[in-house]
Amino acid sequence: MFGRARTGGGLSAPAECNVAVLGTTGSGKSALTVKFLTKRFITEYHPDLEDTYSSEETVDQQPVIVRVMDTADQDGPVGCERYLGWASAFLVVYSIAERHTFDGCQPYLEVVTLHSRPETPQPPLILLGNKVDMERYRQVSRCEGVALASRYGGLFFEVSACRDFLPVQQVFHEAVREARRE
Ligand code: GDP
Ligand code: MG
């Protein structure tokens, strides 16, 4: 959850933001996570590896500890309790060049939106089309991405984990901004 811990002296410790990265295997979740944390593109990452990383960031001049859970579901959102209660924002990732990864977003969008209780605001949700460097092989149009995101009340971006760092950083920072608004 997004929170600001108070310390004994009345000073606030840096806020924290937990971001869960969800989506079908092969969409580029690990590549995006590693890019955000190290500014580097790792071509091959073990597909079954799931881990949570932490990074001290400054978003709009305010420090924040961003924790990123790079999930590795084998078969859709099974065992999703591990991130549903934990996350203050969700990134649902697909590859614009692999239609099945776009189709695979739906169950994640469903569980994230169903999980939120009516009395509490839904944690921010970002739908992310990855691999825009593969434009020639595009199978999912930008319009389809925009439409799906808006159906679930989410934001939408397209990026590439193997291109510039800043657009990738921007997505994670946007998740923090959205979580701060809640
Ligand atoms: P995950 O299963 O969602 O964690 O996906 P990975 O991060 O392991 O990436 C799956 C495959 O897609 C790997 O071969 C990556 O090198 C590749 N990949 C990831 N992001 C990009 C990208 O932005 N562009 C291209 N061309 N390949 C990517
Ligand atoms: Mg992975």
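Structure: above.
None of these values were measured; they are calculated from a predicted model.

What counts and how
- Residues numbered from 1 in each chain as written.
- Chains lettered and ligands numbered in written order.
- Predicted model: local features only at pLDDT ≥ 70, side-chain atom pairs only at ≥ 80, totals over all residues.
- Heavy atoms only, no water.
- Helix = DSSP H or I, 4+ residues; strand = E, 2+ residues; numbered from the N terminus.
- Buried < 20%, exposed > 50% of the residue type's maximum accessible area, 1.4 Å probe, protein only.
- Lys, Arg positive; Asp, Glu negative; His and termini not counted.
- Salt bridge = Lys/Arg side-chain N within 4 Å of Asp/Glu carboxyl O.
- Polar contact = N/O pair within 3.5 Å; in protein donor to acceptor, adjacent residues only side chain to side chain.
- Contact = heavy atoms within 4.5 Å.
- Near = heavy atom within 4 Å.
- Areas by Shrake-Rupley, 256 points an atom, 1.4 Å probe, with all protein chains shown as cover.
- Nonpolar A, V, L, I, M, F, W, Y, C, P; charged D, E, K, R; others polar.
- Pairing = 2+ DSSP bridges.
- Axes fitted to C-alpha atoms, helices over the stretch in contact; angles between N-to-C directions.

(A) A look at the side chain of Asp70. Turning to its location among the elements, Asp70 is positioned in strand β3 (residues 62-70). Among buried charged residues, Asp70 stands out as having no salt bridge; its nearest opposite-charge side chain is Lys29, 5.8 Å away. Only 2.7 Å separates the side chain of Asp70 from the side chain of Ser30, close enough to count as a polar contact. Leave out the neighbours within four places in its chain, and Asp70 touches Val21, Lys29, Ser30, Thr33, Tyr45, Leu49, Glu50, Asp51 and Tyr53.

(B) Structural context of the pattern of salt bridges. Overall, the coordinates contain eleven salt bridges when judged by the stated rule. Here Glu98 and Lys131 are joined by a salt bridge, their closest N and O atoms 3.2 Å apart. With Glu98 in the loop between β4 (89-95) and α3 (99-103) and Lys131 in the loop between β5 (125-130) and α5 (142-151), the pair connects residues that are 33 residues apart, well separated along the chain.

(C) Just the site of ligand 1, in detail. The environment of ligand 1 is made up of 19 residues, and the closest members are Lys29, Ala31, Thr43, Asp133 and Ala161. Backbone polar atom of Ala31 to an oxygen atom of ligand 1: 2.8 Å apart, as the coordinates give it. Contact with the protein chains hides 85% of the accessible area of ligand 1, taken as 580 Å² for the molecule alone. When residues in the shell around ligand 1 are grouped by element, the largest group, three residues, is from helix α1 (residues 29-38). Taken together, the residues of the shell around ligand 1 sort by class into six nonpolar, nine polar and four charged.

(D) Broad picture of the sheet that holds β3. Spatially, the six strands line up as an open sheet ordered β2-β3-β1-β4-β5-β6, and their pairing is mixed. With one partner strand each, in any of the chains shown, β2 (51-59) and β6 (155-158) form the two edges of the open sheet. Ignoring strand direction, the axes of neighbouring strands in this sheet form an average angle of 25°. Both β2 and β3 contribute to a ladder of nine bridges, which runs antiparallel. Bridge assignment links Asp51 to a residue of β3, and that residue is Asp70. Running at roughly 155° to β6, α5 makes contact with β4, β5 and β6 of the sheet. Along the sheet face, helix α6 (residues 165-181) touches β1 (15-23), β2, β3, β4, β5 and β6 and points at about 80° away from the line of β2.

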